[in-house]
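# Commentary on secondary and tertiary structure
Each chain is listed here by its residues.
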Amino acid sequence: MSDVTIVVGYTANESGADALALANRIATAAEGVLEVVMVLPSEAHNARVPVDQGYLRYLREQSREWLTEASTHLGADVASKLHIRYAESFAEGLIEAAHEFGANLIVVGAAGGGRRAHARVGSVANELLHSSDVPVALAPAGARDIPASQGVTRITAGVGTRPGAEEQLEAATALARATRAPLRLLSLVPIDLPAGLDTHLAELTSSTHAEQVLQEAHRKLPEGIDATVEIARGATIEDAVQALDWHDGELVLVGSSRLAAPRRLFLGSTAAKVLRELPAPMIVVPRTTHGKTSQ
């Protein structure tokens, strides 16, 4: 068993099933521990607030039934535990659970109504992406259709020069090792420029810089990591993402925006554009300070 611990925020709907399936697949590949958490409103656990006791009993019993049913979809080889937690918000409860269990990752499902195999950020994910100090994985719609036996077929890590890039690379390397998956280092070179500028010169300059950044990142990788480098080109971010090949069992890891506070997540504009077109789960890693990874 590895030291990978995953907290999955479970809800009894398709989004929750997608989150559970993704977390189960990663835990299976990493031989990690899965903590399945349902978060109930804190007022349901507050004796000072008059609440209908019959309703509270029903809520707790129903939540236990949902968790028990969820556990039937987990592999026998995955070490898992079921939990009910109380918090002011679902995101707050998941962050507290991640701290309690020393989790490396929080997994949540996409909002309803998203395209199949794509993630749409809902209210819970949005709150996590602005407040979590633990990496967050967004399970796209349809993630439940990929069996745990698929494992993690590749880790694609976006590479850049902004603050936190080294920690992001370390996180990608650790995940690749834990899941025994090959690593792809990726840089996007979109040419989305105002009219009148020399797009050929801009593309050449951007490509040269991207190649230098990728090669430098590749040199920093520890021995034993199977890694390739690739530059995604396109007229826009969306075009560049669509032009790439993607595996069914792939995971994509990106860093937080430069606007993120230290040890906090913030999904930047580029990552948000990537997410809308990405046919694979995205993991967002928080910025850190003093070279320490977020735990």
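Up top is the structure these notes are about.
The residue count restarts for each chain, going from 1 along the sequence in the order it is written. In keeping with the model being predicted, local features are shown solely for residues with a pLDDT of at least 70 and side-chain atom pairs are shown and tallied solely at 80 or more, while totals for entire chains, interfaces and linings include all residues. With hydrogens and water excluded, all non-hydrogen atoms of the structure serve as input to the side-chain values.

## Remarks on the packing of aromatic side chains
Stacked, tilted and edge-to-face are the three classes assigned to paired rings of Phe, Tyr and Trp, where Trp is represented by its six-membered ring and a pair needs centres within 6.5 Å; plane angles under 30 degrees give stacked, over 60 edge-to-face, the rest tilted. Going through the model one piece at a time under the given rule, you end up with zero aromatic pairs. Over the ring of W246 we find R184; its NZ or CZ atom is 4.9 Å from the centre of that ring. Placement of a positive charge over a ring is assigned whenever Lys NZ or Arg CZ falls within 6 Å of the ring centre and within 35 degrees of the normal to the ring plane.

## Comments concerning the pattern of salt bridges
Should a side-chain nitrogen of Lys or Arg be within 4 Å of a carboxyl oxygen of Asp or Glu, the pair is scored as a salt bridge. Taken as a whole and assessed by the stated rule, the structure comprises nine salt bridges. Note that R144 and E14 form a salt bridge whose closest N and O atoms lie 3.6 Å from each other. Of this pair, R144 sits in the loop between strand 5 (136–139) and strand 6 (154–158) while E14 sits in helix 1 (residues 14–30), and the two are 130 residues apart along the sequence. With relative accessibility at 31%, the residue R144 sits in the partly exposed group. For E14, a relative accessible area of 55% puts it in the exposed group. If you follow the salt bridges from partner to partner, you end up with R154, R184, E230, D245 and E250 in one network. Here a strand is any run of E in DSSP of at least two residues, a helix any run of H or I of at least four, and the numbering for each starts at the N terminus. Burial classification: accessible surface area is computed with a 1.4 Å probe over protein chains only, and a residue below 20% of its type maximum counts as buried, one above 50% as exposed, and the rest as partly exposed.

## What to know about helix 1
Note on helix geometry: an α-helix contains 3.6 residues per turn, so any two residues three or four positions apart are oriented the same way. Under the convention used throughout, the expected extent of a helix is 1.5 Å for every residue step, that is, one less than its residue count. Between the first and last C-alpha of helix 1 there are 24 Å, a value that for 17 residues agrees with the 24 Å anticipated at 1.5 Å per step. Taken across its 17 residues, helix 1 has 14 buried, putting it largely inside the fold. Whenever a nitrogen or oxygen atom comes within 3.5 Å of another N or O atom, the pair is scored as a polar contact, on the condition that within protein one atom can donate a hydrogen and the other can accept it, and that pairs from neighbouring residues in sequence are kept only if both atoms are in side chains. With a side-chain oxygen positioned 3.3 Å from the backbone nitrogen of S15, the residue opening helix 1 is N13. One or two residues past the end of helix 1 sits E31, with phi positive at roughly 55°.

## Details of the nonpolar core
Residues grouped as a nonpolar core are buried Ala, Val, Leu, Ile, Met, Phe, Trp, Tyr and Cys residues, joined through side-chain atoms within 4.5 Å. Counting 47 residues, the largest nonpolar core has I6, L34, V107, I155 and L183 as its most contacted members. Top contributing element to this core by residue count: helix 1, with eight residues.

## Some words on helix 3 (residues 90–101)
An ideal rise of 1.5 Å per residue puts 16 Å on 12 residues; helix 3 measures up with 17 Å between its terminal C-alpha atoms. When we look at burial in helix 3, the residues that qualify are F90, A91, G93, L94, I95, A97, A98 and F101. Two residues or fewer after helix 3 comes G102, characterised by a positive phi angle close to 60°.

## Digging into the environment of I106
Along the chain, I106 falls in strand 4 (residues 105–109). Along the backbone, I106 and V7 are 99 residues apart, and their C-alpha atoms lie at a distance of 4.8 Å.

## Points about the environment of V4
Tracing the backbone through its elements, the reader meets V4 in the segment before strand 1 (5–9). The spatial distance from the C-alpha of V4 to the C-alpha of L34 is 8.7 Å, given a sequence separation of 30 residues. Residue contacts are counted whenever heavy atoms from the two residues lie within 4.5 Å of one another. V4 has contacts with A30, G32, V33, N104 and A178, leaving out every residue within four places of it along the chain.

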